[in-house]
Amino acid sequence: MNRESCVAADRRDPLSAFRAEFVLPEGILYFDGNSLGPRPVRSLERARSVVADEWGSGLIRSWNDADWFTLPSRLGDKVSRLIGAADGETVVTDTTTLNIFKTLAAAIRIQDVRDPSRRVLLSERDNFPTDLYIAEGLIEFIDRGYELRLVDGPDDLAGALGPDVAVVLLSHVNYRTGAMFDLAASTSVIHEAGSLVVWDLAHSAGAVPLDLTGADADFAVGCTYKYLNGGPGSPAFLWVNPRHHDDFRQPLSGWWGHARPFAMEPSFEPHVGIQRFLCGTQPVVSMSLAECGLDIALRADPLVIRHKSIELSNLFIALVEERCGSHPLTLITPRDPAARGSHVSFRHPEGYAVMQALIAHGVIGDYREPEVLRFGITPLYLGYTDVWDAVEILRDLLDTGAWDRPEFYARTAVT
Ligand SMILES: *Cc1c(COP(=O)(O)O)cnc(C)c1O
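Keep in mind it's a predicted model, so treat the numbers as computed, not measured.

1. Digging into the overall build of the chain
Thinking step 1. Counting its regular elements, the chain contains 13 helices and 15 strands.
Thinking step 2. Over its C-alpha atoms the chain spans a radius of gyration of 22 Å, differing by no more than 12% from the 22 Å that the globule rule assigns to 415 residues.
Thinking step 3. For the chain, the spread of C-alpha atoms along the principal axes amounts to about 70 × 60 × 40 Å.
Thinking step 4. Classification of the 415 residues of the chain by burial places 55% in the buried group.
Thinking step 5. In the chain, of all internal contacts separated by at least 6 residues, the share reaching a separation of at least 24 is 73%.
Thinking step 6. Only carbon and sulfur atoms are counted for the fraction: they give 56% of the accessible area of the chain, which is about 17300 Å².
Thinking step 7. Counting 38 positive and 56 negative side-chain charges, the chain places the centres of these two groups 3 Å from one another.

2. Some remarks on the environment of Glu291
Thinking step 1. Along the chain, Glu291 falls in helix H10 (residues 284-299).
Thinking step 2. Using a relative accessible area of 5% as the deciding quantity, one classes Glu291 as buried.
Thinking step 3. Sequence separation of Glu291 and Asn229 is 62 residues, and the distance between their C-alpha atoms is 9.1 Å.
Thinking step 4. Those residues in contact with Glu291 that sit more than four places away from it in its chain are Arg46, Leu71, Arg74, Leu75 and Lys78.
Thinking step 5. In this structure the side chain of Glu291 is engaged in a polar contact, spanning 3.1 Å, whose partner is the side chain of Arg74.

3. Section: the sheet that holds strand S4 (residues 90-92)
Sheet strands pair via backbone hydrogen bonds, and the direction of the pair is either parallel or antiparallel.
Thinking step 1. Strand order in this open sheet of 7 strands is S4-S10-S9-S8-S7-S5-S6, and the pairing throughout is mixed. For this open sheet the edge positions go to S4 and strand S6 (147-151), each flanked by a neighbour on one side alone. Averaged over all pairs of adjacent strands, the angle between their axes in this sheet comes to 20 degrees, without regard to strand direction.
Thinking step 2. Bridging between strand S5 (residues 120-124) and S6 involves 5 bridges; their strand directions are parallel. When the sheet's bridge partners are listed, Val120 is paired in S6 with Glu147.

Procedures and definitions
Residues numbered from 1 in each chain as written. Predicted model: local features only at pLDDT ≥ 70, side-chain atom pairs only at ≥ 80, totals over all residues. Heavy atoms only, no water. Helix = DSSP H or I, 4+ residues; strand = E, 2+ residues; numbered from the N terminus. Rg over C-alpha atoms; globule rule 2.2 N^0.38 Å. Buried < 20%, exposed > 50% of the residue type's maximum accessible area, 1.4 Å probe, protein only. Contact = heavy atoms within 4.5 Å. Areas by Shrake-Rupley, 256 points an atom, 1.4 Å probe, with all protein chains shown as cover. Lys, Arg positive; Asp, Glu negative; His and termini not counted. Charge placed at Lys NZ, Arg CZ, Asp CG, Glu CD. Polar contact = N/O pair within 3.5 Å; in protein donor to acceptor, adjacent residues only side chain to side chain. Pairing = 2+ DSSP bridges. Axes fitted to C-alpha atoms, helices over the stretch in contact; angles between N-to-C directions.

Geometric values such as these leave the question of function open.
As structure tokens, this is what we get:
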């Protein structure tokens, strides 16, 4: 392995043309597309047109003329094609956090009708905190004796299921370690135990091939601003298996989820189908920008993305272990490609300072408690040579001790 072989691999890369679709600042190696994807080139023109033409000139008429009103379902259909679902099964709306609330509440209601003795929500101790916080908040709000049970990773799941478990809330790919559940196998184990599952696909959509229909999952939510490059805070998505569409109304029963929003009726009647999962007026500008990222993702073959993601991840792991081997770096991401998503994490006792030094030297990854250096692997705009160069910068910082300076220990609000 050397830099020349990486350059050669980049020349053979069938995804290399996608890099030109993104704005990547000169001198930056971007390994944080799993947290905030870079800007699609087209999004600036789209923003100009939404703000100047659709809003500026079209004014209120643009709800119809510029199809603002149908954005959640139009974009939802595009997301459906990325997650193995069909038209009319997904909406783009609200935040992932809010969508967890809505889907979890829906799943709990369905189970409560079927079997009220099930009073356990099951999740993973190492799940993304917002997922656990929402589960806790919902349990407290419902106030009917539900409890949250936490498992430690995929191997613990089967043993924790049982006749008391109503709903399982899992992140498909763990935000910290990158460990990935087998979505189809886990869904089937959960169903066999009589439970429903809500999948959080925040670190999966756009990163790994997904087949929610094939897995026959129940609910799924996820972000558009990570691997789908929708822009900071762009709206999330929410998918519901059609067999649950008409089961009941989700608790945030706002007017956008009404069967006839502009009939202005005094009482709520849920929309048939997925649209009942909408709540209120959507952030049109942000949603429009999200479409630019989705349109790029739709042109890429998910299997080719996955193949390159595995190759880049393997290369990154091998290079760090070989070239930085004398330093206290510990891989916390599964070595087996089938058991991980599309980011790679290493622990280092001074992980925070090392990451700040990397960022100051043009390698942008991020830091997660405790001691974790996290590197997003995004095949649409990262190449083999980028991986080589990033590891060389890391090696140089560690070998010279240049990372160990007071300014790299200073904490900022967002890590
Ligand atoms: C990023 C992420 C979220 C973020 O939720 P927001 O509502 O967008 O803040 C939720 N869950 C997981 C697993 C994530 O990785």
